[in-house]
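What the coordinates show
As a plain string of letters, each chain reads:
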Amino acid sequence: MGPIGVKAHLAPFVPGHSVVRIDGVLTQQGAVSAAPFGSASILPISWMYIRMMGAEGLKQASSVAILNANYIASRLQSAYPVLYTGRDGRVAHECILDIRPLKEQTGISELDIAKRLIDYGFHAPTMSFPVAGTLMVEPTESESKIELDRFIDAMLSIRMEIDRVAAGEWPLEDNLLVNAPHTQLEIVSEWTHPYSRELAVFPAGSHNKYWPTVKRLDNVFGDRNLFRSCVPMSDYQ
């Protein structure tokens, strides 16, 4: 990670360090990293990647990453607006899907889509960065066309689910998207939703999937209330 700059009014809020004094940093904030200057392993990892790939390998990887991103953008552009396209309608190595118009029209948000992707067996792409209300899909060069098509089919299927909500088939407060993800415990309990269990947990038709263990958490509360995942030292005494 390279240097990060902030304006003067933010200087008192930058992280400090409990052991190492950093000259010029006047802050009362604690550390957010064990190492005051970040991870030293970033540089040798990057260097080894470049050395092992070589000039031709890096060029091919970049070309395939750009191709993959444009393939996704091209197939999804009729269902989701794509931001920041060039004069030829192309993107770089990632495509940003704009969910804001859909949210305004239907009430379904980028968070709902991200959670619904879990039911399809996908970890959601980057959400609300660099633009709030968007999904940034960055397939890289490592994804096969089979996997790209599986993701695209899931996104198109989700768009059809959104359309069914917009048409009034499912209420906005109780539908496949706002209730996603669906856990195993939930589907064996009393079912009161206006859609089927099968549609909730097997939308892609495959029974071989990742099962989430929990439903949604309060993201805003978690962001505003940091906590350690380890028990206090007194518990070990």
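Let us look at the structure shown here. Since we're looking at a predicted model, the values are computed, not measured.

Here we take up the packing of aromatic side chains. Across all of its chains, the model carries 4 aromatic pairs by this definition. Ring centres 5.7 Å apart and planes at 85° place the aromatic pair Trp191 and Tyr195 in the edge-to-face group. Here Tyr195 falls in the buried class, since its relative accessible area comes to 5%. Members of the aromatic cluster, connected to one another through ring pairs, are Trp170, Trp191 and Tyr195. For the cation-ring pair, Lys209 lies above Trp211, with the distance from its terminal atom to the ring centre recorded as 4.6 Å.

Neither face of strand β2 (residues 95-98) is open: one carries Cys95 and Leu97, the other Ile96 and Asp98, and all of them are buried. Bridge count between β2 and strand β4 (residues 134-137): 4 bridges; the pairing is antiparallel. The partner of Cys95 across the bridge, within β4, is Val137.

Moving on, we come to unusual backbone geometry. That bond from Phe129 to Pro130 is cis: its omega, 5°, falls within 30 degrees of zero. Tracing the backbone through its elements, the reader meets Pro130 in the loop between β3 (126-127) and β4. In this chain, Ala180 is followed by Pro181 through a cis amide linkage whose omega measures 0°. Of note, Pro181 is situated in the loop between α4 (145-166) and α5 (184-188). The phi angle at Ser128 is positive, at roughly 60°, despite the residue not being glycine. Tracing the chain through its elements places Ser128 in the loop between β3 and β4. For Thr140, which is not glycine, the phi dihedral falls at a positive 60°.

Quick notes on the rules
Residues numbered from 1 in each chain as written. Predicted model: local features only at pLDDT ≥ 70, side-chain atom pairs only at ≥ 80, totals over all residues. Heavy atoms only, no water. Phe/Tyr/Trp six-rings, centres within 6.5 Å; stacked < 30°, edge-to-face > 60°. Buried < 20%, exposed > 50% of the residue type's maximum accessible area, 1.4 Å probe, protein only. Lys NZ or Arg CZ within 6 Å of the ring centre and 35° of its normal. Helix = DSSP H or I, 4+ residues; strand = E, 2+ residues; numbered from the N terminus. Pairing = 2+ DSSP bridges.

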